[in-house]
Every structure is written in C-alpha cells, then in structure tokens.
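Breakdown of the fold
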Amino acid sequence: PAGGSFMGIVSTGLGFTTSSGSVSQEVCLPQDAQEISFNWNFSSEEFIEWCGSGFQDYFSVDIITSAGTQNVFYRNIDALCGSVFATTLVFDQSGAGCSPSSGNDCTVWSTGWQSALVDISAIASANAGEAVTIQFSAGDVGDSIFDSAILLDNITVTQP
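A brief look at the structure comes next. Just so you know, these numbers come straight off a predicted model, no measurement behind them.

The next subject is the state of the cysteines. Two cysteines, two sulfur atoms, one covalent bond between them: this is a disulfide. This structure, assessed with the given rule, holds two disulfides. Across the disulfide from cysteine 51 sits cysteine 81; the S-S distance is 1.6 Å. With the S-S dihedral at roughly -90°, the linkage between cysteine 51 and cysteine 81 falls on the left-handed side. Highlighted residues: cysteine 51 in the loop between strand E3 (35-44) and strand E4 (58-65) and cysteine 81 in the loop between helix H1 (77-80) and strand E6 (85-86), separated in sequence by 30 residues.

In structure tokens, the structure reads:
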C-alpha cells in the first residue's frame, strides 16, 4: 500500500471478475466538500504492445447521485502508455509458461503509485444532505484476455 497496512484493488480479471470490477461506498458529502484525493497504481498486460489499439482497459472514478452518474476521473491504456515500466508482477497471460509472441510480451507494466486530486465541490453543493455513491472501477474494452488491475489507497474527501 501507498500508506498504512491496507489497500483496495479493482480489476478486469483477477479474483472474481472476468471483464470489470468495482468498489463503491455510499456517503453523505458535506456541502462544503472540495476535493476527493486518492492514490492509484494501474498495472496491465495491455500496456506497450496494445497501445494505440482497440484494447483500452480503463480506470474510472464516478460519483452517482439521484440525478445520475458523473465521471470525475478516467484513465485508459493509451493515456498512460508513455509513463509505464516493466514489473515482476504475474497475471494469467504473463506467467512462467508464457512465450513472447506477437501481441504478448509476457510482461505486466505499471504506472507506479500516482496521486489524484479531483474537484467535487459542485457535486457536493448540488447534493447537500443527500447520499451519493463514490465508485472506483476497472473495465475491459475490446477483449477479456489481457488483464488490468488498479490498486487504490488513501481515499479522502477534503473540506476547507
């Protein structure tokens, strides 16, 4: 984890999911809430060899209100391709039995820990006194063969 002893994970194929996963929490945002901050680390078998293709796994943060869903943060494979490094992680298409071939370099690539600070003041002001759901999700676009996983930590809603 980026801090403490625990962290969260959402993925497109690790654990109980085969194409998308999410974690969410219903909260009452204070009317004067300003930002949501969090640390994230996006790892994927799709980085590098699938950059610029139709295979665009993603990481999304949404706030769901009675008026609908508002996306406040979004990153996909193409947006991050230039800032990843090879890891020693092993997912199902990159394990010991993997032989590099066209479309699979047998490597899991990662962004490393990143920090995000997202303005949510308009959402908090418009939904004062009402419960909203903050949802972190990972999704598959184009395939379900190559997996992605996003680690989450230090999620905080800030006030002035």
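That shown, we press on.
Pairing is antiparallel in the open sheet, where four strands are placed in the order E2-E9-E4-E5. The open sheet has two free edges, formed respectively by strand E2 (20-28) and strand E5 (68-76), since each of these has just one partner strand. The mean inter-strand angle of the sheet, taken between neighbouring strand axes irrespective of direction, is 15°. When E2 meets strand E9 (residues 131-139), the two strands line up antiparallel, connected through nine bridges. Paired with serine 22 across the bridge in E9 is serine 137.

Further remarks concern the nonpolar core. If you look at the biggest cluster of nonpolar residues, it comprises 29 residues, and the most contacted ones within it are Phe38, Trp40 and Phe59. Taken together, the elements giving at least two residues each to this core come down to E3, E4, E5, H1, strand E8 (114-119), helix H2 (121-126), E9 and strand E10 (148-158). Beyond its immediate chain neighbours, meaning those up to four positions away, phenylalanine 38 contacts Phe59, Val61, Phe73, Gln114, Ser115, Ala116, Val118, Phe136, Asp153, Asn154 and Ile155.

Glancing now at the packing of aromatic side chains. The final tally for this structure, using the stated rule, is ten aromatic pairs. When the ring of phenylalanine 38 is compared with that of phenylalanine 59, the centres are 6.2 Å apart and the planes differ by 90°; the resulting orientation is edge-to-face. On the criterion of sequence distance, the pair formed by phenylalanine 38 in strand E3 and phenylalanine 59 in strand E4 is long-range, its members being 21 residues apart. Overall, the relative accessible area of 0% leaves phenylalanine 59 in the buried class. Between tryptophan 50 and phenylalanine 146 the ring centres are 5.8 Å apart and the planes differ by 40°, which places this aromatic pair in the tilted class.

Moving on, we get to the environment of asparagine 76. Examined against the element boundaries, asparagine 76 turns out to sit in strand E5. A relative accessible area of 17% places asparagine 76 in the buried class. In this structure the C-alpha to C-alpha distance between asparagine 76 and alanine 138, which are 62 residues apart in sequence, comes to 9.5 Å. Leaving out residues up to four positions away in the same chain, asparagine 76 has contacts with Gln56, Asp57 and Tyr58.

Parameters and conventions
- Residues numbered from 1 in each chain as written.
- Predicted model: local features only at pLDDT ≥ 70, side-chain atom pairs only at ≥ 80, totals over all residues.
- Heavy atoms only, no water.
- Disulfide = S-S within 2.5 Å.
- Helix = DSSP H or I, 4+ residues; strand = E, 2+ residues; numbered from the N terminus.
- Pairing = 2+ DSSP bridges.
- Axes fitted to C-alpha atoms, helices over the stretch in contact; angles between N-to-C directions.
- Core = buried A, V, L, I, M, F, W, Y, C linked by side-chain atoms within 4.5 Å.
- Buried < 20%, exposed > 50% of the residue type's maximum accessible area, 1.4 Å probe, protein only.
- Contact = heavy atoms within 4.5 Å.
- Phe/Tyr/Trp six-rings, centres within 6.5 Å; stacked < 30°, edge-to-face > 60°.

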